[in-house]
Amino acid sequence: MNAEYAHPRLAALYDVLGPDRSDLDAYVAMAEEFGARRVLDIGCGTGVLALLLAGRGIDVVGVDPAAASLDVARAKPGADRVRWIHGDATALPPLQADLVTMTANVAQQITDPDAWRKTLRGARDALRPGGRLVFETRVPARRAWQDWNREASRSVTRIPGGDMVESWVEVTAVEGPLVSYRWTYAFAADGEVLTSDSTLRFRERAETEAELTAQGYVVDEIRDAPDRPGREFVFVARRP
């Protein structure tokens with residue numbers, strides 16, 4: 001599991017170091033578009049989307065394997081309106097959800113093919129008939145990882161309490177569809193340096209469509225991400 005989600009010190013900084021979540025606007029809009037009254041957010045992390053939806057009166061379940069991230073989510077205002085589950089999509093209670101979401105890098109972080117299939121099946125089982133699964137994956141041809149280097153990503157952020165944190169990302173390996181990278185976080189106050197290693201699977205559009213069909217979905221459409229045109233496939237799949 002990535003340290004930035006599981007390490008308490010890093011999980012507490014996740015929202016501070018990445019405050020712009022305009023990428024979630026499209027998911028909020030789709031929940032409204034599809035008339036969703038019950039939503040399952042897989043890989044909910046620190047709960048940003050779950051709390052946005054709950055604030056609109058939607059019944060939300062957030063599931064995540066990182067306990068430290070869920071601790072951050074549970075401490076936020078309005079957190080009592082969300083049902084938080086520590087785990088993954090393979091062992092969920094019956095939900096009959098109208099919508100299941102996987103935002104940001106969640107889908108790509110499930111790199112093992114068997115785990116991906118089990119996640120898709122778990123999401124399908126959590127949906128009511130006619131309910132939808134929505135998630136995004138980066139377009140492989142755009143080769144986003146070419147910009148993941150210290151020079152382009154380095155930043156220094158003042159965090160709550162006054163400490164300064166320097167952070168940057170570097171690619172550590174590219175092996176076929178798998179791209180591995182490392183975030184480094186250097187804390188000025190005490191000199192601690194923490195790292196978080198991650199791997200993403202860059203799936204081609206046809207590959208993802210075929211897997212969705214194999215797991216019992218109907219692929220209704222593949223959209224663009226409004227805030228990142230041409231960079232993401234946004235899959236909208238339906239449980240028949």
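These notes cover the structure that comes with them. These numbers were taken from a predicted model, which means no experiment stands behind them. (Residues numbered from 1 in each chain as written. Predicted model: local features only at pLDDT ≥ 70, side-chain atom pairs only at ≥ 80, totals over all residues. Heavy atoms only, no water.)

1. Quick look at the overall build of the protein chain
Here is step 1 of the chain: Scanning the protein chain from terminus to terminus reveals 10 helices and 11 strands.
Here is step 2 of the chain: Its C-alpha atoms give the protein chain principal-axis dimensions of roughly 55 × 40 × 30 Å.
Here is step 3 of the chain: Across the 240 residues in the protein chain, those meeting the buried criterion constitute 48%.
Here is step 4 of the chain: Sequence separation of at least 24 residues holds for 59% of the intrachain contacts in the protein chain that already meet a minimum separation of 6. (Helix = DSSP H or I, 4+ residues; strand = E, 2+ residues; numbered from the N terminus. Buried < 20%, exposed > 50% of the residue type's maximum accessible area, 1.4 Å probe, protein only. Contact = heavy atoms within 4.5 Å.)

2. Quick notes on the sheet that holds strand 2 (residues 59-64)
Here is step 1 of the chain: Ordered by their spatial adjacency, 7 strands build an open sheet running 3-2-1-4-5-11-10, and the pairing between neighbours is mixed. The sheet terminates laterally at strand 3 (82-86) and strand 10 (218-223), the two strands that pair on one side only. When strand polarity is set aside, the average angle formed by the axes of neighbouring strands in this sheet is 20°.
Here is step 2 of the chain: Here strand 1 (residues 38-42) pairs with strand 2 via 5 bridges, running parallel. (Pairing = 2+ DSSP bridges. Axes fitted to C-alpha atoms, helices over the stretch in contact; angles between N-to-C directions.)

3. What about the pattern of salt bridges?
Here is step 1 of the chain: Per the stated rule, a full pass over the model turns up 23 salt bridges.
Here is step 2 of the chain: Residue Glu166 is joined to Arg150 by a salt bridge in which the shortest nitrogen-to-oxygen separation is 3.4 Å. Of the two residues, Glu166 is situated in strand 7 (residues 164-175) and Arg150 in helix 9 (residues 150-153); the sequence distance between them amounts to 16 residues.
Here is step 3 of the chain: Assessed through its relative accessible area of 38%, Arg150 is described here as partly exposed.
Here is step 4 of the chain: The closest approach of N and O atoms between Arg154 and Glu166, which form a salt bridge, is 2.6 Å. Residue Arg154 is found in the loop between helix 9 and strand 6 (155-158), and its partner Glu166 is found in strand 7; the two are separated by 12 residues along the sequence.
Here is step 5 of the chain: Ionic contacts of the salt-bridge type, sharing partners, join the residues Arg9, Asp163, Asp190 and Glu192 into one network. (Salt bridge = Lys/Arg side-chain N within 4 Å of Asp/Glu carboxyl O.)

4. Thoughts on the sheet that holds strand 8 (residues 178-187)
Here is step 1 of the chain: Here 4 strands make up an open sheet; going across it, the order is 6-7-8-9 and the pairing antiparallel. Each edge of the open sheet carries a strand with a single partner, namely strand 6 and strand 9 (193-201). Neighbour-to-neighbour, the strand axes of the sheet open up by a mean angle of 25°, direction not taken into account.

5. Concerning helix 8 (residues 113-126)
Here is step 1 of the chain: End to end, helix 8 covers 20 Å across 14 residues, agreeing with the expected 20 Å (1.5 Å per residue, within 8%).
Here is step 2 of the chain: All buried positions along helix 8 are accounted for by Trp116, Thr119, Leu120, Gly122, Ala123 and Ala126. Angularly, the buried residues of helix 8 cover 160° about the axis, an arc narrow enough to put them on a single face. (Expected span 1.5 Å × (residues − 1). Arc of directions from axis to C-beta.)

6. Remarks on the environment of Trp183
Here is step 1 of the chain: Tracing the sequence through the fold places Trp183 in strand 8.
Here is step 2 of the chain: Considered as a pair, Trp183 and Trp168 are 15 residues apart in the sequence and their alpha carbons are 5.7 Å apart.
Here is step 3 of the chain: Once you skip the residues sitting within four places of it in the chain, Trp183 turns out to touch Glu4, Ser167, Trp168, Val169, Leu194, Thr195 and Ser196.

7. A closer look at unusual backbone geometry
Here is step 1 of the chain: Residues other than glycine seldom take positive phi values, yet Ala104 does so here, at roughly 50°.
Here is step 2 of the chain: Within the fold, Ala104 resides in the loop between strand 4 (97-102) and helix 7 (106-109).
Here is step 3 of the chain: Non-glycine residue Arg143 carries a positive phi angle of around 50°.
Here is step 4 of the chain: Looking at the secondary structure, you find Arg143 in the loop between strand 5 (127-138) and helix 9.

8. Remarks on the packing of aromatic side chains
Here is step 1 of the chain: Tallied over the entire structure, the rule returns 7 aromatic pairs.
Here is step 2 of the chain: Aromatic pair Trp148 and Phe202: ring centres 6.4 Å apart, planes at 45°, arrangement tilted. Of this pair, Trp148 sits in the loop between strand 5 and helix 9 while Phe202 sits in the loop between strand 9 and helix 10 (205-214), placing them 54 residues apart in sequence.
Here is step 3 of the chain: By relative accessible area, which is 15% here, Trp148 ends up buried.
Here is step 4 of the chain: For Phe202, a relative accessible area of 5% corresponds to the buried category.
Here is step 5 of the chain: Three or more aromatic residues joined by ring pairs form one cluster here, namely Trp116, Phe135, Phe233 and Phe235.
Here is step 6 of the chain: It is Arg9 that lies over the ring of Phe187; its NZ or CZ is 3.7 Å from the centre.
Here is step 7 of the chain: Here the guanidinium or amino end of Arg150 rests over the ring plane of Trp168, the centre of that ring lying 3.7 Å away. (Phe/Tyr/Trp six-rings, centres within 6.5 Å; stacked < 30°, edge-to-face > 60°. Lys NZ or Arg CZ within 6 Å of the ring centre and 35° of its normal.)

9. Some details on the environment of Gly216
Here is step 1 of the chain: Mapped onto the elements, Gly216 comes out in the loop between helix 10 and strand 10.
Here is step 2 of the chain: C-alpha separation for the pair Gly216 and Leu120, spaced 96 residues apart in sequence, amounts to 9.0 Å.

None of the figures reported here should be taken as evidence of function without further support.
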